[in-house]
Amino acid sequence: MARPAPTLSQALRRPDGLAQRVRDRILALITEGSLAPGDQLPAERTLAEQLGISRTVVREALRSLASMNVLEIRHGAGVFVAPLDLASLIQPLQFAVSMDHTSLAQVAEARLVLEPGLAQLAADHADEPDVLRLRELVAEAAAHVNDPPGFLEVDLAFHSEVRRLANNSFLLRFMDSLEEFARTSRTLTNPIPDMRERTVRDLHRIAAAIARHDAVAAAEAMREHVQHVCDALKTSAST
């Protein structure tokens, strides 16, 4: 016999960490599907009465979830479950990561795991117009090698194109959500001597492997490129 779906009022027994427990219970209800994007939560006073806690505790929990982009507090209307798209959920992390070289290095390590696979998929799916676009972006990167802001945009565009060519909508959304992290890391690595020239060589190798539909070579070229980024971030952190 199926157990009844848990309710928000089931959760709280200990007096310590009440706001966190309210927050965790709301997150669990969303994960279980009992609350969906667009659903309105009960009023603050109602929640406090149902849970037997103060409105201050409820308010703290709701504000915490709003800061995570899980809830939307609409003044005069109430509190609603947010759309919960990946880009919005990851946004609160962006400022913290941008201030922390260690976190940026870990983002680069995540890229080291994921992006070679994307390049491999791109090599399987790319057609002639796709290859032409990649070659155009490599040429644009070479033309902007002495223009760091312009080079940054071309570099991001190249990686975005590789993600698109991988033809995997989940990976595309996930990696697109990391783009601001990647942009921040590049603002640190671009000024390093010879980094832009090395990146142009890397992008050329990646594009050439994709053009040959050589998935193994494309993955290896991308892996070496992102490893160069990891190394450059370590250099930047030590200076």
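Some remarks on helix α1 (residues 18-32)
Inference 1: With 15 residues, α1 extends 21 Å from end C-alpha to end C-alpha; this agrees with the ideal 21 Å at 1.5 Å per step.
Inference 2: In this structure, the buried residues of α1 make contact with α2 (44-51), α3 (55-67) and β2 (78-81).
Inference 3: In the segment just after α1, Gly33 is the residue with positive phi, at about 90°.

Some thoughts on the nonpolar core
Inference 1: Ranked by size, the top nonpolar core spans 26 residues in total, and within it Leu134, Phe158, Val162, Ile206 and Ile210 carry the most contacts.
Inference 2: Only α5 (101-125), α6 (128-143), α7 (148-165), α10 (195-211) and α11 (215-238) provide two or more residues apiece to this core.
Inference 3: The greatest single-element share of this core, amounting to seven residues, is contributed by α10.
Inference 4: Excluding residues that lie within four positions of it along the chain, Ile210 makes contacts with Ala119, Ala122, Ala123, Ala126, Leu134, Val162 and Ala218.

A short note on α3
Inference 1: When the terminal C-alpha atoms of α3 are compared, their 18 Å separation across 13 residues agrees well with the 18 Å that a helix rising 1.5 Å per residue should span.
Inference 2: All of the buried residues along α3 are Val57, Val58, Ala61, Leu62 and Leu65. Viewed along the axis of α3, the buried residues span an arc of 130°, placing them on a single side of the element. Seen from the open side of α3, the exposed residues pointing more than 90 degrees away from its buried face are Thr56 and Arg63.
Inference 3: Buried residues along α3 sit against α1, α2, β1 (71-74) and β2.
Inference 4: A positive phi of about 65° marks Asn69, the residue just after α3.

Things to note about the confidence of the model for the protein chain
Inference 1: For the protein chain, mean pLDDT is 84; residues scoring 70 or higher make up 83% of the total.
Inference 2: Of all secondary-structure elements in the protein chain, the lowest mean pLDDT belongs to helix α4 (residues 86-98), at 58, while α6 reaches the highest, 97.
Inference 3: Within the model, pLDDT remains below 50 along residues 1-6, and this stretch shows five contacts once partners closer than five positions in the same chain are excluded.
Inference 4: Contacts from residues 11-16, a stretch scored under 50 in pLDDT, to residues over four places away or in other chains number 10 contacts.

Some remarks on the side chain of Thr189
Inference 1: Mapped onto the secondary structure, Thr189 falls in helix α9 (residues 179-189).
Inference 2: For Thr189, a relative accessible area of 3% puts it in the buried group.
Inference 3: If we ignore the near neighbours within four places in the chain, the residues touching Thr189 are Met195, Val229, Ala232 and Leu233.

Side note on the environment of Glu180
Inference 1: Following the sequence through the fold, Glu180 ends up in helix α9.
Inference 2: Relative accessible area serves as the criterion here: at 37%, Glu180 is assigned to the partly exposed category.
Inference 3: Each C-alpha atom, one on Glu180 and one on Leu156, is 9.9 Å from the other, the two residues being 24 residues apart in sequence.

A word on the pattern of salt bridges
Pairs can form between side chains of opposite charge whenever their charged atoms are close.
Inference 1: A full pass over the atoms with the stated rule returns 13 salt bridges.
Inference 2: Residues Arg133 and Glu140 are paired through a salt bridge, measuring 3.7 Å at the closest nitrogen-oxygen approach.
Inference 3: Glu161 serves as the salt-bridge partner of Arg164, at 2.5 Å between the closest nitrogen and oxygen. Of the two residues, Arg164 and Glu161 are both situated in helix α7; the distance of three residues between them amounts to about one turn of the helix.
Inference 4: Assessed through its relative accessible area of 12%, Glu161 is described here as buried.
Inference 5: Each member of the salt-bridge network shares a partner with another, and the members are Glu44, Arg55 and Arg59.

Definitions and cut-offs
Numbering of residues begins from 1 in every chain and follows the order in which that chain's sequence is written. In view of the model being predicted, local features appear only for residues whose pLDDT reaches at least 70, and side-chain atom pairs are presented and counted only at 80 or more, with totals across whole chains, interfaces and linings using the full set of residues. Calculation of side-chain values draws on the structure's entire complement of heavy atoms; hydrogens and water are dropped beforehand. Only runs of H or I of at least four residues qualify as helices and only runs of E of at least two qualify as strands under DSSP, and these elements are numbered from the N terminus. Take the residue count of a helix, subtract one, and multiply by 1.5 Å to get its expected span. Contacts are assigned to residue pairs with any non-hydrogen atoms lying within 4.5 Å of each other. In plain words, nonpolar cores are sets of buried Ala, Val, Leu, Ile, Met, Phe, Trp, Tyr and Cys residues tied together by side-chain atoms within 4.5 Å. Residue burial is assigned from relative accessible area. The probe radius is 1.4 Å, only protein chains are included, and a residue is buried under 20% of its type maximum, exposed over 50%, and partly exposed in between. Note that the arc is computed from the directions linking the helix axis to the C-beta atoms. Confidence scores labelled pLDDT are given residue by residue by the predictor and lie between 0 and 100. Salt bridge criterion: a side-chain nitrogen from Lys or Arg within 4 Å of a carboxyl oxygen from Asp or Glu.

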